[in-house]
Every structure is written in C-alpha cells, then in structure tokens.
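Residues per chain, in single letters:
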Amino acid sequence: MITGWLPLYLRSRRVPLAAPISFATVATVTLLWSASADRPEVDPSLAALTVVLALAPLIPTLAGDEDALEKTAALRWPTRRALHLIGAGAFVAVLLLGARAAGADFGGAGQIVRNSAGLAGLSGLGVTLLGTRLAWVTPIVWAALQAMVPAPGGPGWRQSLLWLIQPGDSVPAAVTAAVLLLAGVLGYATRVSTSRGETVKVW
Amino acid sequence: MIHAVRTELRRSNAVALAVLLFATGGLMIAAMAQTWSRQWLTFSYVQASGLFFLVPLALAGGAMLGRRERSTGADELMGSTGRPRWQKVAPPAAALAVAVTAMHLLTLGIGAAVIGATGGFLSAGGTLPALADVIVLIGAVWLGLAAGRAWSSALLPPALAALALVAQVGVESSDEGSRLRNLTLMLQPPGFVWESFNAQALLGRLALGVGLLVGGLLLGFGASWLPRVAGVVALTAGMVLAVVITPLGLGARYQVDTAAQRLVCADGTPQVCVTAVHAYELPAVTPAVRQALTMLAKLPGAPARAVEWRADAASTFDDAQFRGRAPKQEPGTVAFRVEPDDRMLGPGDLFRLESVSPTGLTANIVNGAGTTMNGCRLGDPVALGAAGAWLMGVDVLPLTDNQFSYDETVRADIAATVKSLRELPGPEQVRRVAALRDAANACRTDDLRGILTGDPTA
C-alpha cells in the first residue's frame, strides 16, 4: 500500500522538516518584499535566487541515511526517485506562484516553472555526479553568478548560460531548463549515490 | 599546534572548500577577463566583487565541517580530553582559515602574475582589498562552523548559502539612498582603470570582516552563554559599522590612485605621455598620437605635446562630471583618451580583448581640432567632426570615441560642412578651423558651427 509507504519515505528523507523551512523562506521574502517595495514585481535577480532559496532545503532530502541499503528493498525505485525530484521542483513552483496572492510577483508562470524545473534537474544532476553532500553547490553557484549579471538577452549561448534571468519567452533558456530537468531526472532516478559520494546502479 | 592543524587540513573539508572557492571565483574572474585585462586595480575590484558568492559558499563550507564534527561525535571524543575548549576547536578552525587564506592569496598572485607578464601596472595598494577580504572569508567560514556545531542538520549548508545570497540581493532592492545597501558584497564598478578603493570603503569591509571573525570565534569557541552573547554582539557591531562607514553611491567607494595616474612618456619629440596604467599601450599609441599632432600643426599655435586625459576625481558615471565652463587644459598640450570604450559598461563580448585602433585614436584627437578632452562642455558634434575631418583630410572621421555616435543625419551634415569649408580660399579655411579650436579651448562652445560656416546662428 502506497499510503503506508509514503509517510515513511517522506520521514526518512526529512521532508517534514525541509518543506516547512522552504515554505518559511519564501514567505519571509514575500512578506519583506510586499512590506518594503512599492511594486509587486520582484527584481529578476532576487526572483531567481528565491527559487534557489526555496529549493535549497529540499536538496538534502534527495538522499536518505543509507541509499545503498534502501535499494535492496524490492520497490520500483527509479519511478519513486523521479517523482521525488519532480515533486521538489513542483513544490517550489507552487510556493512561488502562490506568493502572487500575497503581493510578490516572482515572474510569469512560465518563468517560475522553467526556473524551478531547471534548478530541480540541476540538483538531481548534482546528487548523481557530486553526491548528496555537495549537490547544492552547482545550483547555488550557477544562480549566484547569474544574479551578478542581471542583463537578459544577447546571443543564444549567453541566454542559455544565464537562463534563470531570461524572460519567459526565451527559447534557449527554456531548452536549457528542459535539458537540465531531463538529465537530472534520468540521472537521479537511475543512479544512487552512497553516503561516501560513490555511485551505484539502482537496478 | 602546527601538527594538529596539518592533521585537520587532511581530515576536514578545508582543502575541498578552498578548491571549490578557487574554481568558482576563478571562473568568474576568467569570464570577466576583458574587464580587467592588464589592469591591476580593476582586477582587485573584480576579485572583491566575487565575495558576493564566495562568502555564502564559505559559510556553507564551514557549516559542513561544523555539522560533521557534531554528527559524527568527533566533538564528544575531543570533549573527553582534558584540555581547554578553545584548544579543541582551534585546529579545525585554523585549518579552514589557512585554506581560504591560501585560496584567496593564490588567486591574487595569479592575477598579479598575469597582469605583470602582460606588461600591466602593479602596485602594493592594489593588494589591500584582497587582504581585507581574507578577514571576511575567514570570518564567514568560522561563523559557518559555529552554525554547523549548533544545528547539525543536513539542510543547514545549502540553506545558509542561499540565505546569504538572497539577503544580499534583497538589500540591493532597497531604496536608492538606503545605507542597508552597504550590506551587500556586490560592488558598483569603478569608472576608470586608475581608481582604487578609498580608505572608508576598505575600513567598512574590514569592519564587516572583523565582526564576522570575532562573532564566529566567540560563537564557535564559547562554552557558556556569555561568550555566545558577546559573539552575537560582535557580529551585529561589525555589520552596523560596515553599514555606517562604507560610503554610499556610484563611485563613492573609489579614489584616484596617484601612482596609477603617473605619466610615462615616449622617447623622442613631440612628447607623448600616457598614465602608468596604460604604459603598455605607449608603443601603439605614440605613432598615432604623433600623426594627430602633425595634423593639428596645420593650424597656427598648434599644441607641441600630447598627454593622456586624467580624471581628478573618482567617476560618478555622469557625462557632465568632468566638463565645465572653465578650461582645464595646459596651453600647448592636447589631451586624449587611450581607451575610449568604457570597460565596465561596454557590450563586452566574452574573451574578446580589443586593442587600441591607431586610426581611431588619431581621429578621436583631431576631432574638434584637439579640443574634445579639454574639460569644457562639448559643443555641436557636427562642427567638431567637420573641423576634425578637415584636418584629417576625410569626409567623416572614423571615431572610436563613445562620447560621439553619429547617425546618418549627422554624418551627412558633417560631410556637407566639410565640403563647403573646402570650397573657401585656403587661408580662410585655416582661419575658421583655428577660430573654432580657440573658441572651444576657451569653453565658448555654444555656436561652433557658425564659426565654420561664417554664418552665426546665435
């Protein structure tokens, strides 16, 4: 029964702690913004970094205490792992979309979904390639570098490199986010990183 | 103690953190290569602005070690030994400090080596921002270490890093005049390559660093509530001091570095001098400038030497800042700019390093018969361009000066003005262009076109 399994799974990944923290960070940024700024539109750099801020507590939930041990359970791990990663991205997107009701506009729906999906994928890639402990480094560093150059537009490669701060209709940015999501979900679903940072195949 | 620190360097994540900071900081510095190419003071600005993300990463790196000490029970093991608490905490803290210091100084050293090897200007003053930033970085890792020991959750390092980033960008969004903006480590760029950080800016940075350092130290080492409260006080005091001391506004953190502006002159006559920061351009600049001086000598009372234009204050990115109604130029000298493009605000394609274009430089100097950098307010670009084109013997000047951007109408006007000027008798042509030059050099720039056409509009 999935209902019996899900609470145990979420608890083993410390989601009951991470999700409220993620919610609280977005709520804080939203409240501070609507209290101090005279317009609902959040600056693009701040909007991009808020996605990272909301996602950051969820990244460590991508691994339990001993994934290598878990994989011995006769369960369909790849599907569950893929759903976990997509769920983390969706959770962040819903939080930021919901912030609009509280008076802070973190960008268009397309932009929010693109950034949440791309960063969730990047976190999954991070877990696959660097291990859980360092998985947060790539999303945070890439987002921070983009926040330093808040100039959208330019040639395709530039839009692709600075994909978080592009407007919602930028094709290179959307392609980058889609590639990151796909690679992240596939990588994270199929390869489990052990607590020592080594990786083993799930099947 | 040294032995213990060496063991900690191998046991802890200090080296991995240093590699991470070096790689990410280096990536940003390399991506901005065009901005700081051969410019030491600009390099020190670029390296300092990297603290925007290096400090959050350092906080997270410290927190990773702190939570590991706690969750593996290493601190309990150490706690069972009969030594004072600071002796138990000092080795990992020292290992982190050694690693980040080495990383930051190595980056600085590589920058100095690259700039020195390519013939750029180097000075001891340019190392000061990096030295102050070492304190900030050590403070950040120690604060992270204390945080990790206090709450050993796996969520802490990424949450801390993201929070530090969002807080910095958040204060950037505050009002234009709000001093809270001083809490971000992202810096406004200097306007010119001879600008270095001024004392207040460095002191503000140092205050923040000392606040983080003492706060992290007391929070991490303190075994009772008293030192911990003192730690919070120190941290707050450092931030408040940084907010109060650091000057606010575009260009407010910079000053003109006199050593960087010292003149370096080429051998031979007529004399051509550039600032020390552009000394490496002297071989390329000298022939172009001398050619411009030859062209200017078609007029009576022509200048005998050319000197690079130097700002007397830090730039506030205001076009009118260095232009007024009183001439600032020494008689007999023409001023020119070596780098007409703005390094900071130009379009700046990645990795494309532009050198000075000799024809463009000659055109920039003869524009307005050598008056465009004399400190006066600029006059009609058509009249200035026509006088320059007449001197250079072309229809429209091939300018590279970003103060002038010609559209089709202006180009047509210039060509027409030059054409009608050339139809006059020779001595009259010389007289009119010389009159334009003298008027512009006396800051009478209101009706320059009338002088050329002999038909005053005013």
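Cut-off values and rules
- Residues numbered from 1 in each chain as written.
- Chains lettered and ligands numbered in written order.
- Predicted model: local features only at pLDDT ≥ 70, side-chain atom pairs only at ≥ 80, totals over all residues.
- Heavy atoms only, no water.
- Helix = DSSP H or I, 4+ residues; strand = E, 2+ residues; numbered from the N terminus.
- Patch = residues over 30% accessible without salt bridge, like charges linked within 9 Å, V, L, I, M, F, W, Y side chains within 5 Å.
- Areas by Shrake-Rupley, 256 points an atom, 1.4 Å probe, with all protein chains shown as cover.
- Salt bridge = Lys/Arg side-chain N within 4 Å of Asp/Glu carboxyl O.
- Core = buried A, V, L, I, M, F, W, Y, C linked by side-chain atoms within 4.5 Å.
- Buried < 20%, exposed > 50% of the residue type's maximum accessible area, 1.4 Å probe, protein only.
- Contact = heavy atoms within 4.5 Å.
- Disulfide = S-S within 2.5 Å.
- pLDDT = per-residue confidence, 0-100.
- Polar contact = N/O pair within 3.5 Å; in protein donor to acceptor, adjacent residues only side chain to side chain.
- Expected span 1.5 Å × (residues − 1).
- Arc of directions from axis to C-beta.
- Pairing = 2+ DSSP bridges.
- Right-handed = clockwise from strand over helix to strand, strands pointing away.

(A) Region of the structure containing the environment of A:Pro139. With respect to the helices and strands, A:Pro139 occurs in helix α7 (residues 137–148). Between the C-alpha atom of A:Pro139 and that of A:Gly124, which follows or precedes it by 15 residues, the distance is 9.9 Å.

(B) Spatial organisation of a nonpolar patch on the surface. Residues and elements named next belong to chain B. A grouping of Phe22, Leu106, Ile110 and Val114 is seen on the molecular surface, where their side chains present a nonpolar patch of about 300 Å² in accessible area. It is helix α7 (residues 85–117) that contributes the most residues to the nonpolar patch, three residues altogether. Relative to the elements of secondary structure, Val114 occurs in helix α7.

(C) Up close: the nonpolar core. Grouped together as the largest cluster of nonpolar side chains are 135 residues, with contacts concentrated most on A:Phe106, A:Trp136, B:Phe52 and B:Phe53. Counting residues per element, this core draws most heavily on helix α5 (residues 51–71) of chain B, at twelve residues. With residues up to four places along the chain from it excluded, the contact list for A:Phe106 reads A:Val29, A:Thr30, A:Val42, A:Ala47, A:Thr50, A:Leu96, A:Ala99 and A:Ile112.

(D) How the structure looks around the state of the cysteines. All names here are of chain B. Scanning the entire structure with this criterion turns up two disulfides over all chains. Shown here is the disulfide that connects Cys265 with Cys273, its sulfur atoms set 2.0 Å apart. One quick way to see it: the torsion about the S-S bond of Cys265 and Cys273 is about 95°, and its sign makes the bridge right-handed. Here Cys265 falls in the partly exposed class, since its relative accessible area comes to 34%. Accessibility expressed as a relative area gives 0% for Cys273, which makes it buried.

(E) A look at the confidence of the model for chain B. All names here are of chain B. With 96% of its residues at a pLDDT of 70 or more, chain B has an overall mean of 89. In the model, residues 345–353 has pLDDT below 50 throughout and makes eleven contacts with residues more than four positions away in sequence or in other chains. Overall fold confidence for the complex sits at a pTM of 0.90, while the interface term, ipTM, reaches 0.90.

(F) Quick peek at the side chain of B:Thr417. Residues and elements named next belong to chain B. Structurally, the position occupied by Thr417 is in helix α16 (residues 408–422). You can call Thr417 buried: its relative accessible area is 9%. Of note is the side chain of Thr417, whose polar atom sits 2.5 Å from the backbone oxygen of Asp413. Setting aside anything within four residues of it in sequence, one finds Thr417 in contact with Val382, Ala386, Leu452 and Thr453.

(G) Representation of helix α2 (residues 14–31) of chain B in the model. All names here are of chain B. Taking 1.5 Å per residue, 18 residues should reach 26 Å; α2 reaches 26 Å between its end C-alpha atoms and fits that length. All buried positions along α2 are accounted for by Ala14, Leu17, Ala18, Leu20, Leu21, Thr24, Gly25, Met28 and Ile29. In an axial view of α2, the angular spread of the buried residues amounts to 160°, which keeps them on one side of the axis. Counted as exposed and oriented over 90 degrees from the buried face of α2: Ala16 and Leu27.

(H) Just the pairing of strand β5 (residues 305–308) of chain B, in detail. Residues and elements named next belong to chain B. Across three bridges, the pairing between strand β4 (residues 271–275) and β5 is parallel. Paired with Cys273 across the strands is Val307, a residue of β5. Viewed along the sheet, the connection from β4 through helix α13 (residues 282–296) into β5 turns out left-handed. Bridging between β5 and strand β6 (residues 333–336) involves four bridges; their strand directions are parallel. Bridge pairing in β6 links Val307 to Ala335.

(I) Local environment of unusual backbone geometry. Geometrically, the link from B:Thr269 to B:Pro270 is a cis peptide bond, its omega value of -10° lying close to zero. Turning to its location among the elements, B:Pro270 is positioned in the loop between β3 (263–265) and β4. The phi angle at A:Arg14 is positive, at roughly 60°, despite the residue not being glycine. Along the chain, the position of A:Arg14 falls in the loop between α1 (2–12) and α2 (15–36). For B:Cys443, which is not glycine, the phi dihedral falls at a positive 65°.

(J) Summary view of the environment of B:Gln403. All names here are of chain B. Take Gln403: it is sitting in the loop between α15 (381–392) and α16. When the C-alpha positions of Gln403 and Leu106 are compared, they lie 39 Å apart, and in sequence the two are 297 residues distant. In this view, Gln403 contacts Arg323, Arg337, Met373 and Leu378; residues no more than four positions away in its chain are not counted. Side chain to side chain, Gln403 and Arg323 meet in a polar contact 2.7 Å long.

(K) Structural detail: the pattern of salt bridges. Tallying each qualifying case throughout the model produces 13 salt bridges over all chains. Between A:Arg39 and A:Asp43 there is a salt bridge, with its nearest N and O atoms 2.6 Å apart. Owing to a relative accessible area of 36%, A:Arg39 belongs among the partly exposed residues under this scheme. Measuring nitrogen to oxygen at the nearest pair gives 3.6 Å for the salt bridge that ties B:Asp395 to B:Arg422.

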